[in-house]
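# Examination of the molecular architecture
Spelled out from the first residue to the last, the chains are:
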Amino acid sequence: MDIRERIISITEEYSYKPLTIRELTTLLEVKDEELSFLEGALKHMETEGILVRTSKGKYVRPEMANMAVGPIQINQRGFGFVSSEKEDKDIFIPPSYTNGAMNMDKVLVKIKKSSLRGRRPEGEVVRILNRANTRIIGSFEKSRYFGFVTPDDRRIPSDIFIPKSEFNGAVTGCKVVVEIVNWPDKRRSAEGKVVEILGNCGEPGIDIISIAKSHGIETEFPQEVIEQVRTIPKVVEEDEIHKRRDLRGRSIVTIDGDDAKDLDDAVEVEKLPNGNYLLGVHIADVSHYVTEGSPLDINAAGRGTSVYLVDRVIPMLPQELSNGICSLNAGEDRLALSVNMEIDNEGSVVNHEVYKSVIKVAERMTYKDVTRILIDEDRHLIEKYKDHISHFKLMKELCEILRAKRIRRGSIDFDFPEVKITLDNRGWPVKVEQYEVSISNKIIEEFMLVCNETIAERMFWANIPFIYRIHEKPDAERIEALNQFLHGLGYSIRGINKLHPRALQEVMDRIRGKSEELIVSTVMLRSMQHAKYSHRDEGHFGLAAEHYCHFTSPIRRYPDLFIHRVISYMLKNNFIMDERKHKKLDQLGEERAKISSDRERTAELAERDVEDLKKVEFMSDKLGEVFEGTISSVTSFGFFVQLENTVEGLVHIDSLDDDYYAFDAAHYCLIGERTKRVFRIGDHAVVKLVKADILSRRLDFILEEEIRDFYKRTKIKRRRR
């Protein structure tokens with residue numbers, strides 16, 4: 001046990017009393033030569049907020065000094081909330097007590113008022129432990145002697161002062177990136193310097209780039225990466241073809257969205273004489289071009305994933321690769337890592353093979369066209385693709401078999417709508433609608449799922465260092481709370497003490513199509529853990545899969561690229577790996593898995609922010625209009641209503657002036673104290689749009705009429721029809 005661990009062990013004991021460094025030295029029996037290590041450990045633990053040093057020089061845990069540590073979330077009006085694992089409720093921080101803390105900074109807080117009568121405790125920031133905002137995006141304005149930047153993020157309420165010497169070419173109306181030089185305090189605002197000019201405010205696309213930059217997503221590649229890309233051949237080299245299995249004469253197709261350019265998976269299906277299906281999944285062999293430890297590889301590892309922002313992609317790999325030599329473009333020779341799976345009529349993989357190949361995709365199909373062939377029986381398309389029609393029908397058959405097996409074993413399917421946003425050439429949204437998931441989407445989904453499982457299981461039993469996609473079991477307390485909630489609706493979770501995902505899927509099956517479907521789906525999803533990457537195989541709860549990984553998208557996900565490289569090594573060395581290589585890859589896999597999980601979360605937040613922005617812009621010319629929707633979320637300050645096109649807005653509790661409404665957290669609803677009127681997830685609502693704030697990306701609704709009256713009116717209309 002090192003000094004740090006010994007300090008933590010002692011200070012966490014119930015009987016621990018505050019001690020000076022001299023007293024800790026004696027208690028820990030620290031030798032003279034170890035004293036510098038003790039001093040360094042204590043200093044670092046202070047910086048991290050694990051320990052606090054009192055005015056008398058004694059070290060205590062924060063809670064012993066009536067303090068707490070956690071990230072602060074700043075509201076647009078300047079006040080904040082600090083969430084701490086040691087406190088049951090968030091700590092309220094008045095504007096005058098934030099003391100220079102900025103949104104999401106990790107802070108040490110002194111609690112001034114304890115939690116009374118259900119109210120939050122109140123505190124003051126006494127130390128900022130870690131700054132979250134080193135660079136800020138905003139609009140620049142120039143005056144005679146200085147400039148200032150108004151942050152795009154409304155949770156940073158103060159402008160940033162820019163000395164004249166630090167304009168660096170910025171002029172009024174520019175969207176800029178500012179690096180903080182001096183942090184704010186009680187008396188002065190933050191001071192910074194302009195490090196990048198993104199463009200003019202209002203210029204098409206600048207809003208999306210600004211959001212990407214605010215999340216630390218780089219839109220350009222460094223020079224050493226660009227130079228490496230120039231050395232990569234634009235066509236498959238003949239020498240490499242001879243080293244691989246040649247599949248260029250087979251009926252292999254890609255099926256993707258209309259506008260997809262980074263095509264990393266291709267498929268084929270045939271029926272075997274024994275009645276089984278042979279599914280071939282061919283994935284772009286990106287690892288052949290992106291070599292381990294190269295500038296391209298290191299940059300891709302830092303990015304973790306491609307980011308899809310409505311009308312553009314910020315790729316993990318430069319477009320020369322992602323849309324070029326690595327993309328499985330129809331009619332072009334391409335290198336692939338292929339998996340052949342023999343699948344029986346029950347959906348079980350009874351045999352499989354992994355190998356290197358060279359392919360030439362026969363057709364570049366779209367989801368729309370394959371669906372029109374299989375469902376609409378479009379004569380023109382059937383004639384156009386007559387050589388592949390039998391294969392498409394086999395794909396549909398196999399998809400349904402695989403899906404049925406997955407559902408039987410307990411895989412949980414949530415049916416939340418996805419959005420499709422169409423922009424004009426100015427970057428303005430002209431259409432917001434639900435994205436239609438068709439049979440062709442499901443074909444590719446099921447094929448990729450079974451391929452990912454097959455690869456993960458193979459590598460697990462080979463005991464090879466790997467990156468798995470894991471989804472841990474839900475927290476027991478959350479499941480107990482979910483079960484209590486379901487009891488109120490007349491449902492229950494079977495086998496709650498030894499929870500299997502099938503038990504949750506059974507609940508989903510029972511509520512399908514009922515009025516409570518949305519609220520049960522929402523609450524159940526909130527009870528789940530987040531899926532993530534790990535170098536340890538812990539299974540995937542949501543898919544009810546013992547082994548799972550991401551193998552099928554190496555162009556846009558780094559974990560896929562990492563495991564392609566591992567598989568390529570194993571194929572070359574007959575699945576033999578020496579201990580030194582094993583240890584190195586295991587350590588690297590652990591590091592890469594964590595970074596990839598973090599970058600995935602960042603990408604999701606950026607994608608959501610861009611979608612929210614475009615939805616608010618789309619609604620901004622519809623003030624005063626009335627819409628029908630569904631309550632999608634309920635909070636202590638109101639409820640959110642989602643329209644059919646997935647646009648969501650807030651009905652603030654202050655606008656409900658017919659009663660005093662209390663938030664029932666256990667049942668996810670607002671209840672009127674006098675009228676007993678209830679607003680809960682899944683209820684219908686008729687609302688009027690009263691505010692569309694583009695800067696804060698927020699829509700405000702008010703109720704146009706009572707929900708009960710709406711029910712009555714719609715029932716009458718239905719009878720008349």
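Residues numbered from 1 in each chain as written. Predicted model: local features only at pLDDT ≥ 70, side-chain atom pairs only at ≥ 80, totals over all residues. Heavy atoms only, no water.

Given two aromatic rings, one states the distance between the centres and the angle between the planes to describe the pair. Scanning the model with the defined rule gives 12 aromatic pairs in all. Aromatic side chains F414 and F416 sit 6.0 Å apart centroid to centroid with 25° between the ring planes, which places their arrangement in the stacked category. Assessed through its relative accessible area of 27%, F414 is described here as partly exposed. Since its relative accessible area comes to 31%, F416 is described here as partly exposed. Where F460 meets W461, the ring centres are 5.0 Å apart and the plane angle is 80°; that geometry is what we call edge-to-face. (Phe/Tyr/Trp six-rings, centres within 6.5 Å; stacked < 30°, edge-to-face > 60°. Buried < 20%, exposed > 50% of the residue type's maximum accessible area, 1.4 Å probe, protein only.)

Moving on: the nonpolar core. Within soluble globular proteins, side chains that are nonpolar generally end up buried alongside one another. If you look at the biggest cluster of nonpolar residues, it comprises 86 residues, and the most contacted ones within it are L279, F392, M395, F447, I455, F466 and F551. If one sorts the elements of this core by residue count, helix α12 (residues 439-461) sits on top with 10 residues. Each residue touching I455, except ones within four places of it in the same chain, is listed here: V339, V354, F466, C549, F551 and I567. Within the second largest apolar cluster, 57 residues are counted, among which are I412, L504, L643 and L699. (Core = buried A, V, L, I, M, F, W, Y, C linked by side-chain atoms within 4.5 Å. Helix = DSSP H or I, 4+ residues; strand = E, 2+ residues; numbered from the N terminus. Contact = heavy atoms within 4.5 Å.)

Okay, the confidence of the model for the protein next. Mean pLDDT for the protein: 90, with 97% of residues reaching 70 or above. The least confident element of the protein, judged by mean pLDDT, is helix α18 (residues 707-720) at 44; the most confident is strand β16 (residues 277-284) at 98. Contacts of residues 713-721 to residues separated by more than four positions or lying in other chains number three contacts, the stretch itself having pLDDT below 50. (pLDDT = per-residue confidence, 0-100.)

Turning next to the pattern of salt bridges. This model, assessed by the stated rule, comprises 53 salt bridges. R494 serves as the salt-bridge partner of E506, at 2.6 Å between the closest nitrogen and oxygen. Pair noted here: E506 is in helix α14 (residues 501-511) and R494 is in the loop between α13 (476-488) and α14, with a separation of 12 residues, a long-range link. With relative accessibility at 53%, the residue R494 sits in the exposed group. If you follow the salt bridges from partner to partner, you end up with E240, K243, R244, D285 and K356 in one network. (Salt bridge = Lys/Arg side-chain N within 4 Å of Asp/Glu carboxyl O.)

Okay, helix α4 (residues 206-214) next. For α4, the set of buried residues is I206, I208, S210, I211, A212 and K213. Looking one or two residues past α4, G216 carries a phi angle of roughly 75°, positive in sign.

It is worth spelling out the pairing of strand β8 (residues 135-142) at this point. Pairing of β8 with strand β11 (residues 174-182) involves five bridges; the strand directions are antiparallel. Note that in β11 the partner of I136 across the bridge is V178. Pairing between β8 and strand β9 (residues 146-151): five bridges, direction antiparallel. Note on β9: the bridge partner recorded for K142 is G147. Remark: three residues form the turn of the hairpin made by β8 and β9, two consecutive strands paired antiparallel. (Pairing = 2+ DSSP bridges.)

A cluster of nonpolar side chains, Y145, F146 and F161, forms an exposed patch at the surface whose accessible area comes to about 320 Å². Looking at the element boundaries, Y145 is found in the loop between β8 and β9. The class for Y145 is exposed, based on a relative accessible area of 59%. (Patch = residues over 30% accessible without salt bridge, like charges linked within 9 Å, V, L, I, M, F, W, Y side chains within 5 Å. Areas by Shrake-Rupley, 256 points an atom, 1.4 Å probe, with all protein chains shown as cover.)

The next thing to look at is unusual backbone geometry. Not every positive phi belongs to a glycine, and E377 is a case in point at roughly 50°. In this fold, E377 is placed in the loop between α9 (367-374) and α10 (379-384). A positive phi is found at Y668, a non-glycine position, where the angle reads about 55°. As for its position among the elements, Y668 is in the loop between β29 (661-664) and β30 (669-672).

Attention now goes to the state of the cysteines. What the rule picks out here adds up to zero disulfides. Unpaired in this structure, C326 has its nearest cysteine sulfur neighbour in C451, at a distance of 18 Å. Residue C326 is classed as buried on the basis of its relative accessible area of 3%. Note on C399: no disulfide assigned, nearest cysteine sulfur contributed by C451 at a separation of 15 Å. Taking the relative accessible area as the measure of exposure, C399 reaches 2% and is therefore buried. (Disulfide = S-S within 2.5 Å.)

Right, let's get into the sheet that holds β29. Pairing within the open sheet is antiparallel, and its three strands lie in the order β29-β30-β31. For this open sheet the edge positions go to β29 and β31 (678-680), each flanked by a neighbour on one side alone. When strand polarity is set aside, the average angle formed by the axes of neighbouring strands in this sheet is 20°. Looking at chain direction, β30 and β31 are connected through three bridges and run antiparallel. (Axes fitted to C-alpha atoms, helices over the stretch in contact; angles between N-to-C directions.)

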